Amino acid sequence: MVVPTYNEAANIEPFLAALRACLDAGAGAGYEVIVVDDESPDGTGELATRISVDWPNLRVVRRAGERGVASAVVRGWQTARGDVLATINADFQHPPSILPEMLLKIENADLVVATRYAAEGSVGRFPLHRQVLSAFARHVGVLLAPRVFRGVSDPLSGCYMFRRRAIEDIELRPAGFKTLIEVLARGRVGKVVEHGYTMQARRSGRSHVRLRDWFEYLGQLGRIRSELQRRRS
């Protein structure tokens, strides 16, 4: 389970405590958590490192001179040792309590996606302007990469798990803050299962999504579209 962080000092301790409780219940001792921190000036990396002293399943990767959620997640997967790879953000918008059921579902699937848009899911109190941006991003994705976006109700989800073999020997080209579309477009993904959840409000702090991330997202879609077209030709 890869947790990308930047300035999450107010969240990281309660989040990792909740994550540990849920993974202990759902996976026993057979898991690892990798926090990938991008030199957070608020000390997030130091706090996570301190927690790892008493939690052998936790490792901390501290990147120097690098920024970006997507590249941090891929870095974590490169470090991971497990056969199932996963990611979740540390802001509590994806509640860790959904993970035990997702772990059960991955036993019979290649990919399990936490989605706000399944019948049992909800955007909760997600701010209206963020809902509009998310809807626009999905709409553009359907136009530019329909094969990727029509197979999953929430291809922009930041919480999902999949089997390592799906991306073995495949170069992912992350940009901005979205990684699931990379796995869907370039990975060897067969059976996809969704898990509905209610999106929560960020526990503390503010969103790290920048305008630049949206432009990088559009560029990422363009690259995926070109690659898919080359495959067909």
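In case you missed it, the structure is sitting above this.
As a convention, each chain's residues are numbered from 1 in the sequence order in which they are written. Where totals are concerned, whole chains, interfaces and linings use all residues; where local detail is concerned, this predicted model gives features only for residues with pLDDT of at least 70, and gives and counts side-chain atom pairs only at 80 or more. Neither water nor hydrogens contribute to the side-chain values; these are computed over all heavy atoms in the structure.

### Section: the overall build of the protein chain
Turning to step 1, where the next piece is worked out: Strands are runs of DSSP state E lasting at least two residues, helices are runs of H or I lasting at least four, and both sets are numbered from the N terminus onward. Within the protein chain, the secondary structure is distributed over eight helices and seven strands.
Turning to step 2, where the next piece is worked out: Scored against the burial criterion, the 233 residues of the protein chain give a buried share of 50%.
Turning to step 3, where the next piece is worked out: Put simply, of all contacts in the protein chain between residues at least 6 apart along the chain, 78% involve residues at least 24 apart.
Turning to step 4, where the next piece is worked out: Approximately 11100 Å² of the protein chain is accessible, and the part contributed by carbon and sulfur atoms is 52%. Think of it in three bands: residues with accessible area under 20% of the maximum for their type are buried, residues over 50% are exposed, and the middle band is partly exposed, with areas taken using a 1.4 Å probe on protein chains only. Should any heavy atoms of two residues lie within 4.5 Å, those residues are considered in contact. For accessible areas, the Shrake-Rupley method is used with a probe of radius 1.4 Å. Any residue's cover is judged against the shown protein chains and nothing else.

### A closer look at the pattern of salt bridges
Turning to step 1, where the next piece is worked out: Definition used for salt bridges: Asp or Glu carboxyl oxygen within 4 Å of a side-chain nitrogen of Lys or Arg. Going through the model one piece at a time under the given rule, you end up with ten salt bridges.
Turning to step 2, where the next piece is worked out: Asp 110 is paired through a salt bridge with Arg 165; the nearest N and O atoms lie 3.2 Å apart. Taken together, the positions of Asp 110 in the loop between α4 (99-106) and β5 (111-115) and Arg 165 in the loop between β6 (160-163) and α7 (180-186) put the pair 55 residues apart, joining distant regions of the chain.
Turning to step 3, where the next piece is worked out: Here Asp 110 falls in the buried class, since its relative accessible area comes to 16%.
Turning to step 4, where the next piece is worked out: Overall, Arg 165 belongs to the partly exposed group, its relative accessible area being 49%.
Turning to step 5, where the next piece is worked out: A salt bridge links Arg 116 to Asp 154; the nearest nitrogen and oxygen atoms lie 3.0 Å apart. Placement of the pair is Arg 116 in the loop between β5 and α5 (128-144) and Asp 154 in the loop between α6 (146-149) and β6, with a sequence separation of 38 residues.
Turning to step 6, where the next piece is worked out: Connected through salt bridges with shared partners, the residues Asp 38, Arg 63, Glu 66 and Arg 75 form a single ionic network.

### With respect to the packing of helix α1 (residues 9-27) against helix α2 (residues 44-52)
Turning to step 1, where the next piece is worked out: Axis lines are fitted to C-alpha atoms, over the contacting stretch for helices. Their N-to-C directions set the angle, which ranges from 0 to 180 degrees. Running from N to C, α1 and α2 point in directions that differ by 20 degrees, and their axes come no closer than 9 Å. Put simply, α1 runs roughly parallel to α2. For the crossing formed where α1 meets α2, the hand is right-handed. Contact residues: α1 offers Ala 9, Ile 12, Glu 13 and Leu 16, while α2 offers Thr 44, Leu 47, Ala 48 and Ile 51.
Turning to step 2, where the next piece is worked out: Residue type decides the class: Asp, Glu, Lys and Arg count as charged, Ala, Val, Leu, Ile, Met, Phe, Trp, Tyr, Cys and Pro as nonpolar, and the leftover types, Gly among them, as polar. Looking at the contact of α1 with α2 residue by residue, the classes come out as six nonpolar, one polar and one charged. Each angle is binned into one of four classes, with values under 35 degrees roughly parallel, values over 145 roughly antiparallel, values of 65 to 115 roughly perpendicular, and all other values oblique. Note on convention: the crossing is left-handed when the near helix lies turned anticlockwise from the far helix by less than a right angle, right-handed when the turn is clockwise.

### Some details on the packing of aromatic side chains
Turning to step 1, where the next piece is worked out: Two rings belonging to Phe, Tyr or Trp (six-membered ring only in the last case) form a pair when the distance between their centres is within 6.5 Å. Interplanar angles under 30 degrees mark stacking, angles over 60 mark edge-to-face geometry, and anything in between is tilted. Tallied over the entire structure, the rule returns five aromatic pairs.
Turning to step 2, where the next piece is worked out: On the numbers, 5.4 Å between centres and 80 degrees between planes, the contact of Phe 15 with Phe 92 is edge-to-face. Note that Phe 15 is positioned in helix α1 and Phe 92 in the loop between β4 (84-87) and α4, a separation of 77 residues in sequence.
Turning to step 3, where the next piece is worked out: Taking the relative accessible area as the measure of exposure, Phe 92 reaches 7% and is therefore buried.
Turning to step 4, where the next piece is worked out: With a centroid separation of 6.1 Å and 25 degrees between ring planes, the pair formed by Tyr 160 and Phe 162 is classed as stacked. The pair formed by Tyr 160 and Phe 162 is uniform in burial state, with each residue classed as buried.
Turning to step 5, where the next piece is worked out: Following the ring pairs from residue to residue traces out a cluster consisting of Trp 77, Tyr 160 and Phe 162.

### Notes on α1
Since the α-helix advances by 3.6 residues per turn, residues separated by three or four positions end up pointing in the same direction.
Turning to step 1, where the next piece is worked out: Here α1 is 19 residues long and its end C-alpha atoms lie 26 Å apart, about the 27 Å a rise of 1.5 Å per residue gives.
Turning to step 2, where the next piece is worked out: The complete set of buried residues in α1 reads Ala 9, Asn 11, Ile 12, Phe 15, Leu 16, Leu 19, Cys 22 and Leu 23.
Turning to step 3, where the next piece is worked out: Buried residues belonging to α1 abut β1 (2-5), β2 (33-37), α2, β3 (58-62) and α4.
Turning to step 4, where the next piece is worked out: Looking one or two residues beyond α1, the residue adopting positive phi is Gly 28, at roughly 65 degrees. Helix span is expected to be 1.5 Å times the residue number reduced by one.

### Describing unusual backbone geometry
Residues other than glycine predominantly adopt negative phi, and peptide bonds predominantly adopt the trans conformation.
Turning to step 1, where the next piece is worked out: Here Asn 7, not a glycine, exhibits a phi torsion of approximately 55 degrees, which is positive.
Turning to step 2, where the next piece is worked out: Turning to its location among the elements, Asn 7 is positioned in the loop between β1 and α1.

### Observations regarding the environment of Gln 200
Turning to step 1, where the next piece is worked out: Residue placement: Gln 200 occurs in the loop between β7 (192-196) and α8 (211-232).
Turning to step 2, where the next piece is worked out: Accessibility expressed as a relative area gives 36% for Gln 200, which makes it partly exposed.
Turning to step 3, where the next piece is worked out: For the pair Gln 200 and His 94, spaced 106 residues apart in sequence, the C-alpha to C-alpha distance is 6.5 Å.
Turning to step 4, where the next piece is worked out: Polar contacts, as used here, are pairs of N or O atoms within 3.5 Å; protein pairs need one atom able to donate a hydrogen and one able to accept it. Residues neighboring in sequence count only if both atoms are side-chain atoms. Engagement of the side chain of Gln 200 in a polar contact is seen with the backbone oxygen of Thr 198, the distance being 2.7 Å.

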